[in-house]
Amino acid sequence: MKQRPNGMPTIDDFGIENVSIDDIPAGHFVAKVDTLSMDAWIRTTLNDEGMHKTGDIGTTIRALGVGQVVETKSDNLAVGDWVYGLMSAQTHALLPEGAATKVEPEDGIAPSAFAGQLGITTGLTAWVGLIAVGEVQERDVVVVSGAAGAVGSVVVQLAKARGAYVIGIAGGAEKCIYLTEKLGADVAIDYKNSDVAEELAKAAPDGVNVFFDNVGGEILDNVLDNLAPSGARVVICGAISQYQHLEDVRGPKLYLRLAERNASMRGFVVSHYDSKYPEAIAEISYLMRSGKLVLPEHVVEGIDRFPEALFMLFNGKHLGNLVVKP
């Protein structure tokens, strides 16, 4: 990061450096980065006061990803091991052994899946938010905003696998086709070209039982206005519509619908539910092997294109899991 963005980041906010790793301290290792997950939280680290830990000027942009150990002075990691952790925007990562988790790719599960379906910020976030927090039940009406993104794509498929009726909200006809034809959503609403409130009323005449929100803003109000009469759960995963102006975040105008309809709204941080990870990994892995959960990758090649990939998060020009292959 060369400078802090003023509003939407531009290419001038970023720089690239060539450096060498000359020494590996005891208990550390070097991983060749295979896949970096492009997640919305990265944008918040560029701010002076972010939702997540703020990055310093001149430091490497933080990003989670998966890599393969190429050198090691760790007793617990060998050359060739695959690891997941804070690889950051670089081709090779020098890390202490405690900063990464060893993962085991297998038949039907590629290494990149650990930055996607089985990644903390994607698949595990989707599972925790929908199941542990949202307590989805069979025949629930589930609405997912940002449904064509990485987390949203997994939420849609998990909800369908649990027997829910799923409405996905995304921008553009291509994404709506992807939701219904590729992921199995029952209804897709194009927020760019339709009246979301009107389409929600048609798709969920008896109201929404679970709303998994990745977007915030006006769409959150639209869904609050269409909650089921009692017991609805609103899950706040993120609010990508607000990340460009965190100093002036717009909250929901219709939050009183929560009281009127005996509903609840809960935010969550996935790491608070780490005891649930084995259960989540088991279910997601099973669905992957049985062909019931897929997550297309939108791959950006080259570490020098990392800023370009970050911009894609906010202009909506990707489907599924946006990743960088350094």
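Structure: see above.
Throughout what follows, the structure given in this document is the object of discussion. (Residues numbered from 1 in each chain as written. Predicted model: local features only at pLDDT ≥ 70, side-chain atom pairs only at ≥ 80, totals over all residues. Heavy atoms only, no water.)

**Observations regarding the pairing of strand β3 (residues 82-85)**
Moving on, step 1. Of the two faces of β3, both are covered, the one formed by W82 and Y84 as well as the one formed by V83 and G85.
Moving on, step 2. Strand direction decides the pairing type here: strand β2 (residues 65-72) and β3, joined by four bridges, are antiparallel. Its bridge partner lying in β3, V66 is registered against Y84.
Moving on, step 3. Sheet topology note: the β3/strand β5 (residues 100-103) ladder contains four bridges and is antiparallel. (Buried < 20%, exposed > 50% of the residue type's maximum accessible area, 1.4 Å probe, protein only. Helix = DSSP H or I, 4+ residues; strand = E, 2+ residues; numbered from the N terminus. Pairing = 2+ DSSP bridges.)

**Let's talk about the side chain of D190**
Moving on, step 1. Looking at where D190 falls in the secondary structure, it is placed in strand β8 (residues 187-190).
Moving on, step 2. It turns out D190 is buried and unbridged, and the closest side chain with the opposite charge, K192, is 6.9 Å from it.
Moving on, step 3. Within polar-contact distance, the side chain of D190 engages the backbone nitrogen of G172 at 2.8 Å.
Moving on, step 4. Residue contacts for D190: discarding those within four places in its chain leaves A170, G171, G172, A173 and C176. (Lys, Arg positive; Asp, Glu negative; His and termini not counted. Salt bridge = Lys/Arg side-chain N within 4 Å of Asp/Glu carboxyl O. Polar contact = N/O pair within 3.5 Å; in protein donor to acceptor, adjacent residues only side chain to side chain. Contact = heavy atoms within 4.5 Å.)

**What to know about the side chain of D221**
Moving on, step 1. Mapped onto the secondary structure, D221 falls in helix α6 (residues 217-224).
Moving on, step 2. By relative accessible area, D221 is classed as buried at 7%.
Moving on, step 3. Ignoring anything within four residues of it in the chain, the contact list for D221 reads R250, P252, K253 and L254.

Keep in mind that these numbers describe shape and distance, not what the molecule does.
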